[in-house]
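# Topology and contacts: notes
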Amino acid sequence: MIDRFIFFKPSSSNLYLNYTSKNINVILSPFYNHFKNFVYLNPGNEFDKWYGFPKAYYVQKDVNQYGVEFNIITSLFTTYSISLKGSGMRSKTYKGEFTPYTPAIKLTPSINGIIKTTILPVGFFISSDFVLAQNETSTYEPGAQSYQLLNAGISFSLKQEKKQWYFNLIGANILNQAYIDNLSRFKYFGLLNMGRSIT
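Please read these numbers as outputs of a predicted model, since none were measured by experiment.

### Description of the environment of S83
Mapped onto the elements of the fold, S83 is located in strand β7 (residues 80-93). We classify S83 as buried; its relative accessible area is 12%. Taking the C-alpha atoms as reference points, S83 and N25, separated by 58 residues in sequence, lie 9.3 Å from one another. Sequence-distant contacts of S83, defined by excluding residues within four places in its chain, comprise N71, I72, I73, T108, P109, S110 and N112. For S83, the side chain forms a polar contact with the side chain of S110, separated by 2.5 Å.

### Brief notes about a nonpolar patch on the surface
Taken together, the side chains of L76, F77, Y80, I82, I111, I115, I126, L150 and L175 define a hydrophobic patch exposed on the protein surface, amounting to about 840 Å² of accessible area. For the nonpolar patch, the secondary-structure elements that each account for two or more residues are β7 and β8 (106-116). The residue L175 is located in the loop between β11 (163-172) and β12 (197-198) in this model.

### Some remarks on the packing of aromatic side chains
Evaluation of the coordinates by the stated rule reveals six aromatic pairs. Geometrically, the ring pair formed by F35 and F38 is tilted, given 5.0 Å between the ring centres and 35° between the ring planes. Summarising the aromatic geometry, the rings of F156 and F167 are spaced 5.1 Å apart at their centres and angled 20° between planes, so their arrangement reads as stacked. On the criterion of sequence distance, the pair formed by F156 in strand β10 (residues 147-160) and F167 in strand β11 is long-range, its members being 11 residues apart. With relative accessibility at 36%, the residue F167 sits in the partly exposed group.

Rules used in this analysis
Here the residue numbers are simple positions, counted from 1 along each chain's written sequence. Confidence filtering applies because this is a predicted model: local features only for residues at pLDDT of at least 70, side-chain atom pairs given and counted only at 80 or more, and all residues used for totals across whole chains, interfaces and linings. Neither water nor hydrogens contribute to the side-chain values; these are computed over all heavy atoms in the structure. Helix numbering and strand numbering both begin at the N terminus, where a helix is a DSSP run of H or I of at least 4 residues and a strand a DSSP run of E of at least 2. Partly exposed describes any residue whose relative accessible area lies between the buried limit of under 20% and the exposed limit of over 50%, with all areas from a 1.4 Å probe on protein chains only and scaled to the type maximum. In what follows, residue pairs with any heavy atoms lying within 4.5 Å of each other are defined as contacts. Whenever a nitrogen or oxygen atom comes within 3.5 Å of another N or O atom, the pair is scored as a polar contact, on the condition that within protein one atom can donate a hydrogen and the other can accept it, and that pairs from neighbouring residues in sequence are kept only if both atoms are in side chains. Excluding any residue in a salt bridge, patches collect residues exceeding 30% relative accessible area, merging like charges within 9 Å and nonpolar Val, Leu, Ile, Met, Phe, Trp and Tyr side chains within 5 Å. Note on areas: Shrake-Rupley, 1.4 Å probe, and residue coverage restricted to the protein chains presented here. In what follows, salt bridge is the name for a side-chain nitrogen of Lys or Arg lying within 4 Å of a carboxyl oxygen of Asp or Glu. Two aromatic rings from Phe, Tyr or Trp, using only the six-membered ring of Trp, form a pair when their centres are within 6.5 Å; if the ring planes differ by under 30 degrees the pair is stacked, by over 60 it is edge-to-face, and anything between is tilted.

If you want it as structure tokens, here you go:
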């Protein structure tokens with residue numbers, strides 16, 4: 001906990017790399033951020049509560065954050081593509097302490113395409129989120145287990161005279177996986193994230 005704030009001084013380095021050929025597109029973006037006098041909320045211990053709610057205190061320390069984001073897309077024929085997206089980062093103070101609320105490493109493979117039926121073309125996607133366990137947490141912050149989510153959707157459009165109608169059906173967490181994301185503030189109460197969602 002701090003009594004007063006010292007002037008915040010950020011410095012960052014970001015690199016964007018892109019390779020494109022006939023059937024593949026690769027994007028790679030590593031980053032490194034140094035925050036001098038970084039201010040963040042640090043959770044208190046399990047006994048430090050206010051009417052049952054866990055307390056958190058503002059802390060100011062020098063912090064280094066670094067990681068990478070990438071996206072690989074390959075085209076199959078003219079109507080199908082396979083992609084793999086990923087991201088991960090690490091956030092530590094100058095003393096080597098992990099800062100709270102850091103997202104876990106995430107990988108998302110997906111298939112996108114268009115099915116040409118006799119009536120009309122139908123677009124579709126199938127994706128899966130693979131999220132690794134997050135154990136790099138602050139002292140009193142609970143970690144989060146790994147989980148996998150399956151998502152899918154279809155879309156098509158109909159033209160009626162001068163009007164165009166668009167239809168989308170998207171299912172998130174189709175298998176109704178029970179999980180707690182590391183960024184959820186409800187993890188302190190053991191409350192799960194949203195289950196199956198159809199929109």
